[in-house]
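Results of the structural survey
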Amino acid sequence: MAPRKRGGGGRGGLSFIFCCFNSSDHPEITYRLREDFALQTMEPALPMPGYDELDGMFSELVDELDLTEKHREAMFALPAEKKWQIYCSKKKEQEENKSATSWPEYYIDQLNSMAARKTLLALEKEDEEERNKTIESLKTALRTQPMRFVTRFIDLDGLTCILNFLKSMDYETTESQIHTSLIGCIKALMNNSQGRAHVLSHSESINIIAQSLATENIKTKVAVLEIMGAVCLVPGGHKKILEAMLHYQRFACERTRFQTLINDLDRSTGRYRDEVNLKTAIMSFINAVLSQGAGETSLEFRIHLRYEFLMLGIQPVIDKLRSHENSTLDRHLDYFEMLRNEDELALSKRFESAHIDTKSATQVFDLIRKKMNHTDAYPHFMSVLHHCLLMPHKRSGNTVQYWLLLDRIVQQMVLQNDKGHDPDVTPLENFNVKNVVRMLVNENEVKQWKEQAEKMRKEHHELQQRFEKKERECDAKTQEKEDMMQTLNKMKEKLEKESTEHKNVKQQVAELTARLHELSTNKLEGTVWMEVDDGKVFKILDLEDLEKTFSAYQRQQKEAEDDTLSSKKVKELSVIDGRRAQNCNILLSRLKLSNEEMKRAILTMDEQEDLPKDMLEQLLKFVPEKSDVDLLEEHKHELDRMAKPDRFLYEMSRINHYQQRLQSLYFKKKFAERIAEIKPKVEALTKASKEILHSRNLKQLLEVVLAFGNYMNKGQRGNAYGFKVSSLNKIADTKSSIDKNITLLHYLITILEKKYPKVLMFQEDLQSISEAAKVNMTELEKDICNLRSGLKSVESELEYQKKRPQELGDKFVSVVSQFITVASFSFSDVEDSLTESKELFLRAVKHFGEDASKMQPDEFFGIFDQFLQSFGEAQQENENMRKRKEEEERRAKMEAQLKEQREKERKARKAKANGEDDGGEFDDLVSALRSGEVFDKDLSKMKRNRKRINNQTTDSSRERPVTKLNF
């Protein structure tokens, strides 16, 4: 099959133009109305312009057609009349096709819209067909529309839209015709020189195309393999393909490269039973990878890469593929076999051997020993062998990783050229580091590490949950306290109101009583009751017996006894506030300690760490108040009936100086934490002050900034001798008059990189600035004062406890004495450090000419911290601009190289005797690769060499008979 030429489906219908080159006569320009109509002559409707104007218009038309150099010359050689006819015909065609679908924006919007709807499950069959129709229309437009369509599509980043669609597809879309059409769009774009250069220069395009090999859609796989095989034939494309296959290995989680390809090549069930096109595409791709790029000149590279395919079992698969009896497939199989035989023959010549049996370890060793004998490298070769004897060789476990690492190292050494470049994209760098780690530790250690990591993860999760729980509890307590205060205020107001009313009622009752007594006296006057005195009887009667016998509550008491007997429950006695009792009960349920254990923990200063800091903080809220103690003392004879919170408060109230002990214990537990919070702030302040004072690079930077300011304000002789440090952050606000995206800070960094490269290291000189910018001196001094007062309170309590007799088990004096000794030293150290840091900070502020009385650390160091952040961002933006510029230059260089390569190919084809024109188009590369014609020259040469060798000698001990080849 000959390489396919561009036909009627070419860009803008070029077939009717290129027919002009088949004869010396100038034909009329025609077009077909219907298939049953004859071609008719078409005359231009407009008058022909002048020659100069016509040449300009015709040149634009030819540029849009993206013709090869030979065709361009032929077009410009036409007479003026023919040029005008062609121009009018093309313009008329463009006017007829002008619609919404002739603009790239339409297709890009459609692609973005389809990519947003990632799944096909929600689509009807008609919607899916409509989506596929749109993508097919784009593919046709990329092939047939003028060159400006492709250029506009590229400028609008249409390729990225296609790639994003490919990346975001779900399984249903991947297996649909839409996937095949998208790959076809990329292929159509690459059929244009500018589009091809754009695809190859894109950083992810080939990798994303390779990801499409994961589909089960055979048509998509074939299209992808044809594109990747053709890219191998393009300058610089071979390395991109190897990188893409490494990317696909990670994407598809393959054990090794090309695993999917060999599996598909071997599959012979279901839809793969008679699928020859896919197997042909795979073999053409394998041959292109083996023979192109570094494979054109490097025998080592071909043997290395072929051995990778052989390790995957390609040879038995090739033998099985012969059963298809397909001429095109056999052509690719022949090339693979013939190239292998040639390479093995070349390798044999290096060792002066007729044949090397690569399956025989003994023969390979003898050849290496013979080559290395009597050389300086022989002792090292023996050392390698000796150490190989000592390497692990168990059948089980992961000892194979040692040998895999050794294999990769040797591969790297063989493939690396004199300049240190590796044509196989550095296989050692892509070696799995996790496997190396596994080789350095045994399985038990790995298991232990995993268990420890899992345990730490669970502990961290539990701590995180506890922390969040405590936060919620604190919030709840705060809200509860606010509610209690509101309730208390309302109750206070209500009590005052009721007290006033009670006084009024009491006064009214007194008045009524007096009036009643007066009325009774008036009523009894003159009766016997005036002579009766019941007070005398009270002295004689047994009033207690009377009360017991005729008590008004006797019946209720009996009922209560009945209830007690029936329920067998004793009602708890609670004398403290209900809300307070409830909260105290919640706290005790969390502590899970008895009153005796609580008492022992307080007296021993919590030697056994039973009381967490957060619980101590809550306990301080439930210290028995005097009113509580008084009420509890009144009911101490009913201790057994007391509720749990009441009994707890009663027991705690019996501990001497309970509140002071609790406060001392809480301070002791929190002391180390508070010191740990203060120390880093003081150290950051000290370090930042020293860095600011001693940084020479910062001084040089300020010098450059001062020069900039003086020159921008009053020329080289500016009269400013310094500036406020706050002015540093205004540099980023000064924009360039040429480019608003560039500020004075960007320009300053550029100057520093060229003239003062060492100054850029000033960021490393000021590493403590960001932490110092967070330090608030007022809060820091407040924390120090709190620590000082807390220490004094603990010391006062210690003096009190020393003067009183100690109870049994009371360890307050011994524990706190030891704590005071250590804590006083730690506090003095922190206090001295703070004094030193203040002095250094004052020196730093004065060093920069600022007012030390007004400038605080967070403000002073915050200025430098903000400047450092702005400086780093501007530096990164400069780097991004530089990379964009380099990328544009690299793309232009690649396009120039492609153009130069096409020019060389054109000249080479022109030099041929038959004068055939290959066009250099991507479709032609794909077609030639599919048919195997691209390997014809090498295959013919190898057949001649094989025939000559077979005539000279016949070797019956060949490992692989060449009779399998279909010559």
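Preceding this paragraph is the structure being described.
These notes cover the structure that comes with them. All figures in this text were calculated on a predicted structure; none of them were measured in a lab.

So, on to the overall build of the protein chain. For the protein chain, the helix and strand inventory stands at 42 helices and 2 strands. With 967 residues in all, the protein chain has 38% of them scored as buried. Here the contacts in the protein chain between residues at least 6 apart in sequence split such that 74% fall between residues at least 24 apart. Surface exposure of the protein chain reaches about 59,200 Å², of which carbon and sulfur atoms provide 52%.

What follows concerns the nonpolar core. Ranked by size, the top nonpolar core spans 92 residues in total, and within it Leu 611, Leu 619, Phe 860 and Phe 861 carry the most contacts. When we break this core down by domain, the ones giving at least three residues each are domain 4 (571-655) and domain 5 (675-876). The residues touching Leu 611, leaving out its near neighbours within four places in the chain, are Leu 591, Leu 593, Met 598, Ala 601, Ile 602, Asp 606, Leu 616, Leu 619, Leu 665 and Lys 669. One finds Ile 108, Ile 135, Leu 213 and Leu 225 within the second-largest nonpolar core, a separate group that totals 84 residues.

Glancing now at the packing of helix H31 (residues 626-634) against helix H32 (residues 644-653). A pair of packed helices can be characterised by two numbers: the angle between their axes and the separation between those axes. Contact pair H31 / H32: the axes reach a minimum separation of 10 Å and the direction vectors enclose 105°. Put simply, H31 runs roughly perpendicular to H32. Seen from H31, the contacting residues are Val 629, Leu 632 and Glu 633; seen from H32, they are Asp 646, Leu 649, Tyr 650 and Ser 653. Partitioning the contact of H31 with H32 into residue classes produces 4 nonpolar, 1 polar and 2 charged.

All right, on to unusual backbone geometry then. Phi is positive for Asp 157, close to 60°, though the residue is something other than glycine. Tracing the chain through its elements places Asp 157 in the loop between helix H7 (147-155) and helix H8 (158-168). Notably, Cys 253 is not glycine yet its phi reads approximately 55°, a positive angle.

It is worth spelling out the packing of aromatic side chains at this point. Throughout the structure, instances matching the rule amount to 17 aromatic pairs. Where Phe 667 meets Phe 819, the ring centres are 6.3 Å apart and the plane angle is 80°; that geometry is what we call edge-to-face. Linking Phe 667 in helix H33 (residues 658-694) with Phe 819 in helix H39 (residues 812-847), this pair joins segments that are 152 residues apart in sequence. The class for Phe 819 is buried, based on a relative accessible area of 12%.

A separate point is a negative patch on the surface. Among the surface-exposed residues, Asp 829, Asp 832, Glu 836 and Glu 839 lie close enough to one another that they form a single negatively charged patch. Relative to the helices and strands, Glu 839 resides in helix H39.

Attention now moves to the environment of Lys 626. Positionally, Lys 626 belongs in helix H31. Through-space distance from the C-alpha of Lys 626 to that of Ser 653 is 9.4 Å; in sequence the pair is 27 residues apart.

Scanning the model with the defined rule gives 22 salt bridges in all. For Glu 105, the salt bridge is made with Arg 152, and the minimal N-O distance between the two is 2.7 Å. In this pair, Glu 105 is assigned in helix H5 (residues 104-116) and Arg 152 in helix H7, connecting sequence segments 47 residues apart. A relative accessible area of 37% places Arg 152 in the partly exposed class. Across the salt bridge formed by Glu 216 and Arg 267, the nearest N and O atoms sit 3.4 Å from each other. Of this pair, Glu 216 sits in the loop between helix H12 (205-211) and helix H13 (218-232) while Arg 267 sits in the loop between helix H15 (259-266) and helix H16 (276-291), and the two are 51 residues apart along the sequence. By relative accessible area, Arg 267 is classed as partly exposed at 31%. Salt bridges linked by common partners bring Glu 216, Lys 221, Asp 264 and Arg 267 together as one network.

With that settled, consider H8. Counting buried positions along H8 yields 8 of 11 residues, so the element is predominantly enclosed. When H8 is considered as a whole, its buried residues turn out to be Gly 158, Leu 159, Cys 161, Ile 162, Leu 163, Phe 165, Leu 166 and Ser 168.

Before going further, it helps to spend a moment on the packing of H16 against helix H17 (residues 299-311). Viewed as axis vectors pointing N to C, H16 and H17 meet at an angle of 150°, and their least axial separation amounts to 9 Å. Relative to H17, H16 is oriented roughly antiparallel. Each of Ile 286, Val 289 and Leu 290 in H16 lies in contact with H17, whose residues at this interface are Phe 301, Arg 302, Leu 305, Arg 306 and Phe 309. Its residues assigned to classes, the contact of H16 with H17 shows 6 nonpolar, no polar and 2 charged.

Here we take up the side chain of Gln 801. When you line up the elements, Gln 801 lands in helix H38 (residues 777-803). Here Gln 801 is in contact with Asn 656, His 657, Arg 661, Gln 806, Asp 810, Phe 812 and Val 813, once residues within four sequence places are set aside.

Rules and cut-offs
Residues numbered from 1 in each chain as written. Predicted model: local features only at pLDDT ≥ 70, side-chain atom pairs only at ≥ 80, totals over all residues. Heavy atoms only, no water. Helix = DSSP H or I, 4+ residues; strand = E, 2+ residues; numbered from the N terminus. Buried < 20%, exposed > 50% of the residue type's maximum accessible area, 1.4 Å probe, protein only. Contact = heavy atoms within 4.5 Å. Areas by Shrake-Rupley, 256 points an atom, 1.4 Å probe, with all protein chains shown as cover. Core = buried A, V, L, I, M, F, W, Y, C linked by side-chain atoms within 4.5 Å. Domains from an automatic or database assignment. Axes fitted to C-alpha atoms, helices over the stretch in contact; angles between N-to-C directions. Parallel < 35°, antiparallel > 145°, perpendicular 65-115°, else oblique. Nonpolar A, V, L, I, M, F, W, Y, C, P; charged D, E, K, R; others polar. Phe/Tyr/Trp six-rings, centres within 6.5 Å; stacked < 30°, edge-to-face > 60°. Patch = residues over 30% accessible without salt bridge, like charges linked within 9 Å, V, L, I, M, F, W, Y side chains within 5 Å. Salt bridge = Lys/Arg side-chain N within 4 Å of Asp/Glu carboxyl O. Lys, Arg positive; Asp, Glu negative; His and termini not counted. Charge placed at Lys NZ, Arg CZ, Asp CG, Glu CD.

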